[in-house]
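Letter by letter, the chains look like this.
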Amino acid sequence: YLYVLGSIGYQKNLVILGTGWGSVALLKKLDTENYNVIVVSPRNYFLFTPLLPSCTTGNIEHRSIMEPVRQILRSKKASAMYYEAECTHIDAERKVIKISDNSDVKGDVHVTEVPYDMLVVGVGAENATFGIPGVRENSCFLKEIKDAQAIRTKIMDCVETAGFKDQKPEEISRLMHMVVVGGGPTGVEFAGELRDFFDEDIKKLVPEIADSFKVTLVEALPNVLPMFSKQLIDYTESTFKEEHIEIMTKTMVKNVTDKYIEAEISRPDGKKELTRIPYGLLVWATGNALRPLVKDLMSQIPAQKDSRRGLAVNEYLVVQGARDIWAVGDCAVAGYAPTAQVASQEGAFLARLFNNMAKTEALEAKVHELSSSLNVQPGNSAQVVQEIESTERQLRRIKDIKPFHYSHQGSLAYIGSEKAVADVAWLNGNLASGGKLTYLFWRSAYLSMCFSSE
Ligand code: FAD
Ligand code: NAD
């Protein structure tokens, strides 16, 4: 039956959720002519997240890190559909997804269903808040373009409000206090950018209140950047000290109000102390949490019941316990860190897998056709048998696709003042260094990543 469908041109519906690192890497490398490709994402552009912290201070223009999905699709050999919508439910039993247009402009139809034969979930993750009261109401996050824009507006608002006539010194200090919670790479890079912004702009624009400008980075663990070597952690901490960025480690934020945060500090003697930190701008960067859609899908699949951080996938990125569903990037648990590097390699792997699957099906159909012709016209049998054997050899070669293997290209984080820290394994073994040269390397490494993804 499937063979008949194949021979009359039936193409499988390949539905791809998301337009982030994982899904876009898949799209770029996928031979779209083999499938009926449908992309569903509320964001109609790809976002180059490594440069997002630089957008908060206007160092980089936001349009330069956005790539429209329509443009990506236009460059494909065969057309693919795009719906600007959020997938709100995956019915794994019926193989149908529910999509909803949550944009400001809605037509008469804004909720509908899309059937799939194959589904790729690449919806990324949400900002983790751990249910800490006041975080959602009072903080800025740093994940999307609108977050970077909101941060920039708020910084300038704090500066102007601090400069308001008759403002008291204590209130000026509060307003000019920029607090970043979370000492992972997002928090560290943003704190570095803030300090640059102060040196390059604020000091010149509003010298009368510039002395009150202060950046504090709050981290629950004993040090920032836990994924880097001790040498680079020390380098980051000493650079921040020089730049007057205060790092408060072993400090766990417990509550957030509109003007201060409350945090528990663990003292060396083991005692805990509650402190209040007034702020003007609060940026919350404490990592990832599951999206409701992912939680909902996991709850439908018994094999996912022990997975906590996302959709458990096998070595071919198939969602365990599900039929015809794959997952990539931050929403998938494949044993790697939730990074753009991992997501893009996973997406590229799925493209190779799907391209291969399509070729396999075509070759299997050819073998079937040749075998049938052998029965009908026995006269040409030697030639046909030869052709069958050669097609089968091709089939064996392409069927033998190796499982996904992540190749780590190194970790880099910008720490301000034209400096970056890098743990890079692909330059003569292990290289761990920091300083101005690393910064130049950081920029060019990411630029080359940018071009190589084209
Ligand atoms: P994302 O890129 O987050 O994309 C998810 C997509 O799914 C989006 O298009 C979203 O709109 C869409 N979506 C969401 N919900 C739905 C839904 N219900 N239905 C359909 N679509 C949906 N990693 C590095 O390796 N190097 C770096 O230098 C680096 N820097 C970073 C800097 C910042 C500020 C941040 C926040 C992250 C950084 N990362 C970096 C991490 C990296 O961005 C993520 O690991 C990566 O984006 C994950 O890719 P993804 O495809 O899983 O998800
Ligand atoms: P993260 O998970 O790496 O770090 C979050 C930090 O917040 C942790 O160190 C955690 O201890 C701290 N934290 C959590 N709750 C807290 C609380 N209540 N009070 C104080 N501190 C608290 O998150 P991230 O920095 O957003 O990074 C997310 C992912 O994106 C990571 O995989 C990271 O490697 C990747 N990323 C990479 C880069 C880069 O390579 N340059 C940049 C940004 C993000």
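Q: How should the site of ligand 1 be read in this particular structure?
A: Among the 29 residues in the neighbourhood of ligand 1, the closest are listed as Thr19, Gly22, Thr49, Cys87 and Asp330. One of the backbone nitrogen or oxygen atoms of Trp21 is found 3.1 Å away from an oxygen atom of ligand 1. The side chain of Ser41 places a nitrogen or oxygen atom 3.3 Å from an oxygen atom of ligand 1. Protein contacts shield 91% of the accessible area of ligand 1, which totals 1,000 Å² for the unbound molecule. Mapped by element, the contributors of at least two residues to the shell around ligand 1 are α2 (21-29), β2 (36-41), β6 (86-91) and α12 (340-376). Considering each element in turn, the shell around ligand 1 owes the most residues, three residues, to α12. In the shell around ligand 1, the residues fall into 13 nonpolar, 12 polar and four charged.

Q: Could you clarify how one ought to interpret the site of ligand 2 in this entry?
A: For ligand 2, the set of nearby residues contains 24 residues, the closest of which are Thr186, Glu219, Val253, Pro338 and Leu412. With respect to ligand 2, the backbone of Val253 contributes an N or O atom lying 3.1 Å from a nitrogen atom. Take Pro338: an N or O atom from its main chain is 3.0 Å from an oxygen atom of ligand 2. Relative to its unbound accessible surface of 850 Å², ligand 2 loses 78% to contact with the protein.

Q: What should I look at first to understand the domain arrangement of the chain in this one?
A: Accessible area lost during the coming together of the parts is what is often quoted as the interface size. The domain architecture assigned to the chain consists of domain 1 (2-127 + 289-339 + 346-359) and domain 2 (135-287). Its C-alpha centre places domain 1 at a distance of 34 Å from the equivalent point of domain 2. At the interface, 21 residues of domain 1 touch 18 residues of domain 2. Both faces combined, the contact of domain 1 with domain 2 buries some 1,600 Å², and carbon together with sulfur accounts for 54% of it. Looking at the side of domain 1 facing domain 2, the largest losses of area belong to Thr56, Thr57 and Asn127, adding up to 42% of the total buried there.

Q: How do you make sense of the environment of Ser407 when you look at a structure like this?
A: On the secondary structure map, Ser407 appears in the loop between α13 (381-399) and β22 (411-416). We classify Ser407 as partly exposed; its relative accessible area is 32%. Linking Ser407 and Thr19, residues 388 residues apart in sequence, is a C-alpha distance of 22 Å. The residues contacting Ser407, other than those within four sequence positions of it, are Gln341 and Gln345.

Q: What is the right way to read the nonpolar core from this model?
A: The nonpolar side chains of a soluble globular protein tend to be buried, and buried together. By size, the foremost hydrophobic cluster in this structure holds 55 residues, and its most contacted members are Leu17, Ile90, Ile97, Val121, Ile325, Leu350 and Phe354. No other element matches the seven residues that α12 contributes to this core. The contacts of Val121, once residues within four sequence positions are left out, are Leu17, Ile90, Leu297, Leu311, Ile325, Trp326, Ala327, Val328 and Cys331. Core analysis: the next-biggest nonpolar cluster, separate from the first, contains 53 residues, Tyr45, Ala210, Phe213 and Ile415 among them.

Rules used in this analysis
- Residues numbered from 1 in each chain as written.
- Chains lettered and ligands numbered in written order.
- Predicted model: local features only at pLDDT ≥ 70, side-chain atom pairs only at ≥ 80, totals over all residues.
- Heavy atoms only, no water.
- Near = heavy atom within 4 Å.
- Polar contact = N/O pair within 3.5 Å; in protein donor to acceptor, adjacent residues only side chain to side chain.
- Areas by Shrake-Rupley, 256 points an atom, 1.4 Å probe, with all protein chains shown as cover.
- Helix = DSSP H or I, 4+ residues; strand = E, 2+ residues; numbered from the N terminus.
- Nonpolar A, V, L, I, M, F, W, Y, C, P; charged D, E, K, R; others polar.
- Domains from an automatic or database assignment.
- Contact = heavy atoms within 4.5 Å.
- Buried area = accessible area lost by both parts, 1.4 Å probe.
- Buried < 20%, exposed > 50% of the residue type's maximum accessible area, 1.4 Å probe, protein only.
- Core = buried A, V, L, I, M, F, W, Y, C linked by side-chain atoms within 4.5 Å.

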